[in-house]
Structures are given as C-alpha cells and as structure tokens.
Amino acid sequence: MIHARTQVLGLGLALALAGGLAATGAAQAQIRMGVGGPMTGGSAAFGAQLKQGVEQAVQDVNAAGGIMGQKIELSAGDDRGDPKEGVSVANKFAADGIKFVVGHFNSGVTMPASEVYQDNGMLAITPAATNPKITERKMWNMFRVCGRDDQQGGMAGAIIADKFKGKRVAVVHDKTTYGQGLADETRKAMNAKGIKEVLYEGVNKDDKDFTALVSKLKAANPDLVYWGGLHDTGGLILRQMRDQGVKAPLMGGDGLADDEFASIAGPGAEGTLMTFSPDPRTNPKNKAIVEAFRKRGFEPQAYTLYSYAIVQIMKAAIEEAKSTDPKKVAAVLATGKPFDTVLGTLAFDKKGDISNDGYLVDGKKKDRYVLYVWKKGPDGKLSYFEAE
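Attention here is on the structure that accompanies the text. Note that the structure is a prediction, hence the values are computed from the model and not measured.

Describing the sheet that holds strand β9 (residues 250–252)
- Strands sit in the order β7-β6-β8-β9-β10-β15-β16 across an open sheet of seven strands; the sheet is mixed. Edge positions in the open sheet fall to β7 (199–202) and β16 (382–386), since each of these has one partner strand only. Going from strand to strand, the sheet's axes swing by 25° on average, the running direction of each strand aside.
- Pairing geometry for strand β10 (residues 273–276) and strand β15 (residues 370–376), over four bridges, is antiparallel. Note on β15: the bridge partner recorded for L273 is V373.

Description of the pairing of β10
- The side-chain alternation of β10 yields two buried faces, one formed by L273 and T275 and the other by M274 and F276.
- Of the strand pairs in this sheet, β9 and β10 are connected by two bridges, and their pairing is parallel. Following the sheet pairing, G252 is matched in β10 by M274.
- Viewed along the sheet, the connection from β9 through helix α9 (residues 260–265) into β10 turns out right-handed.

Concerning the environment of F276
- One can find F276 in strand β10.
- Sequence-distant contacts of F276, that is, excluding residues within four places in its chain, are made with Q152, D254, A257, A302, Y303, Y306, R368, Y369, V370, Y372 and Y384.

Let's talk about the pairing of β16
- Note: β15 against β16, five bridges, orientation antiparallel. Within the sheet, the bridge partner assigned to V373 lies in β16 and is F385.
- The antiparallel pairing of β15 with β16 creates a hairpin that spans five residues between the two strands, and G380 there sits at a positive phi of about 85°.

A short note on the packing of aromatic side chains
- Per the stated rule, a full pass over the model turns up 14 aromatic pairs.
- Each ring, one from F276 and one from Y306, has its centre 6.1 Å from the other, and the planes form 50°; the classification is tilted. Of the two residues, F276 is situated in strand β10 and Y306 in helix α11 (residues 304–321); the sequence distance between them amounts to 30 residues. The residues F276 and Y306 share a single accessibility class, namely buried.

Points about the environment of E260
- When you line up the elements, E260 lands in helix α9.
- Sequence separation of E260 and G235 is 25 residues, and the distance between their C-alpha atoms is 8.6 Å.
- Not counting residues within four places of it along the chain, the set of residues in contact with E260 comprises A45 and H231.
- Of the polar contacts made by the side chain of E260, one reaches the side chain of H231; its length is 2.7 Å.

Criteria and cut-off values
- Each chain carries its own residue numbering, running from 1 in the direction its sequence is written.
- Only residues with pLDDT of at least 70 are given local features in this predicted model, and only at 80 or more are side-chain atom pairs given and counted; all residues enter the totals for whole chains, interfaces and linings.
- As a rule here, side-chain values come from all non-hydrogen atoms in the structure, and water together with hydrogens is ignored.
- Each pair of strands is called paired provided DSSP finds at least two bridges between the two strands.
- Helix and strand definitions follow DSSP, with helices as H or I runs of at least four residues and strands as E runs of at least two, each counted in order from the N terminus.
- Comment: axis = line fitted to C-alpha atoms, over the contacting stretch for helices; angle = value between 0 and 180 degrees taken between N-to-C directions.
- Only protein chains enter the area calculation, which uses a 1.4 Å probe; residues under 20% of their type maximum are buried, those over 50% are exposed, and those in between are partly exposed.
- A clockwise path from the first strand over the helix to the second, with the strands pointing away from the viewer, defines a right-handed crossover.
- We call two residues contacting when some pair of their heavy atoms lies within 4.5 Å.
- Centre distance within 6.5 Å is the pairing criterion for rings of Phe, Tyr and Trp, where only the six-membered ring of Trp is used; planes under 30 degrees apart are then read as stacked, over 60 as edge-to-face, and the remainder as tilted.
- Between N or O atoms, a polar contact is any pair within 3.5 Å; within protein, one atom must be a potential hydrogen donor and the other a potential acceptor, and residues adjacent in sequence are included only when both atoms are from side chains.

Structural data, given as structure tokens:
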C-alpha cells in the first residue's frame, strides 16, 4: 500500500512537473514586449498616447494570430519623465526577459535607457524622442519613427524667418535635453536667416510661477515667443503671459501636441503655432483603426499612432528575419527595407532614423514635420490643425 501510494504521488508529481514545463514552454512561446514612458507626472498625457497606441496594436496583432504563431505579451513601465526612473524601467524590462521595447518618450530618458537595452541585447524603437544624439551613437539597437530636433528646428527657424521677418522673437526653453535642444536648433536656423532673438531664457520645467519670465518678456516686447519644451509647462507660461497682458503668439514643437495644452493654457492658446510630424488620423486608410481607439474612449492624437506603427514594424521585421533574436531583427531594420504602417510607408537609414524619403502616404511624400495652428474645430474645441 505504501509502495502504491508512492507510485501515485510520483505519478502526480510527474504530471505536475510536466504541466509546469508545458506552462513554461507556453510562456517562452510568447513574444515579450515593453512600452516605456511617462505614465504619471506632467507628461502623463504623452505616456497615455504611447501606452494606448501599443495596447491597441498588440490587441490587433494577437487577434490576427500573433507573430509567427506567437502572441505578444505586453508590459508597461512608468519612467515619470525622469532619466533615473527610465533606467529603472529598462533594468526591470531586462530582468523580465523583455526583448522588444517601444519607448521612451523623452529624449533625456531614452538615451540612458537605450544603453541598458543595448547591454542586454534588447531592441528599442522610440515614437517620440527627437534629440539627434539618440541615433548618432552608433548603437545597433536604437531606432525611431519620428524626426529629429535638427530637422524640426531647421523648419521652425525657416518659418519664423519667413512669417516674422523683421520682427522681435524671444526664445524660451525648459533646460531639458528635448526642450533646450529644439530651442537651440530653432535659434540657430533663424539666426542663419538673419533674425537675432531679443531674449533667450531657460526656466525649470517643474516651476509653476513664471512671473519673472513674463516680466522679462514684457521688457523685451516680442512679436513671437518660441517655446522649447512640453505642453504642461508651455501651457502655464502662455496662460500667465495672457493674464499679464503679453499678447505675442506662442510657437513650439511636437511637445505641445496634446489637447491638454489648450486646457492648461486657456482661450489664449488660439493662434499658437506648432511644428509636428504628419497627423496619421487624417489618412482615410486609418479610419477603422482611429475609430477603434475612439470606441475605447481615447482620441489617438500625436504619438498614439506612431506607437501603433512600431508594433507593426516589429511584427514585419521579426517575420522577415524569421527570428525573435533582437539583433537579427535590428539587422532587417537597418537594410532600408520599407515597412507599410499607419504612418504610411517608411524605411530606416543606417543610423536608425527615418530615411531621406520621409513618409510615403498613398504614394505621396510627406515631410517629417509640417506646420500646425491651434484653433477651434467644428466641435468648438481648441485643437491643432495643419496650417493651410
């Protein structure tokens, strides 16, 4: 009896072990992907764009059978827009066995995080980090589907030189890698075209009271205030400018691209100029995908569909490589192979940037950056629309 009982226990243990191994095998059969961004804090609106974009894409890919028969298992990491938190997120992703990362949002977070990813054999594609250094470091594992500050700043400087020729322009930034980098590129471009700024000033991005800055702006009497930074701080600055009688329009970059900017800035946001990549919501081919987001109560503005596109690219590159080895997948990306995405057709150069062809939408070339203006839409709400 004792022997028989032992046999039964042994059989039960064997079955349990077999079940455990089967479960482990099933877990290994999944493709682990992470999305890292500022899910909380002042930039949380952008973190939501990244997370929502990736979640919808993963849902759609898995519903269609996954990648090479494997489902994607997604994890999200909150870097709070802080470089140290970004490194913590990257290390956790690495410890969890994640090999493919969508992120991060901030340039100052993306750079140190990408080094962790490189050290751990992980591939990362950012939808939003625009500092040139991100792809100038000769890293095999870092790509982006957005443009660069030198491209955006060059365009912004040219627009300022054209639309504000002979006018007084102030340049303000938030001292971050992104904000100051964009402001400096814009300043350099407008200086080259003969416009010298009447004020160049840096502020702390976490400040709430900008009385001192507004006083300096009043004294400088600008016709335009160029802002290098994100929507939350920029919105506060603009509101306080209007409250204190400074009527000059604000101009900024893609860091303003969330409707929350208008909520923070108030009615004075109308007329704000902004450079940003082409808006994929306007492509008729994306109607069903855009509606899918809206049905879940989320407007897929700014970097939402850029994040969605990264999942599409990773799927296509994994299938092309016939491998989930990040280095083999990265090698496919580096060949310049075109990928069909919600952004249009795009390809990467050897650095990891979008190639010189930019985005091809319905066979037509789209520049990496276009000009938008904040105004009231048909629903009466302030939002950004491509300038005519």
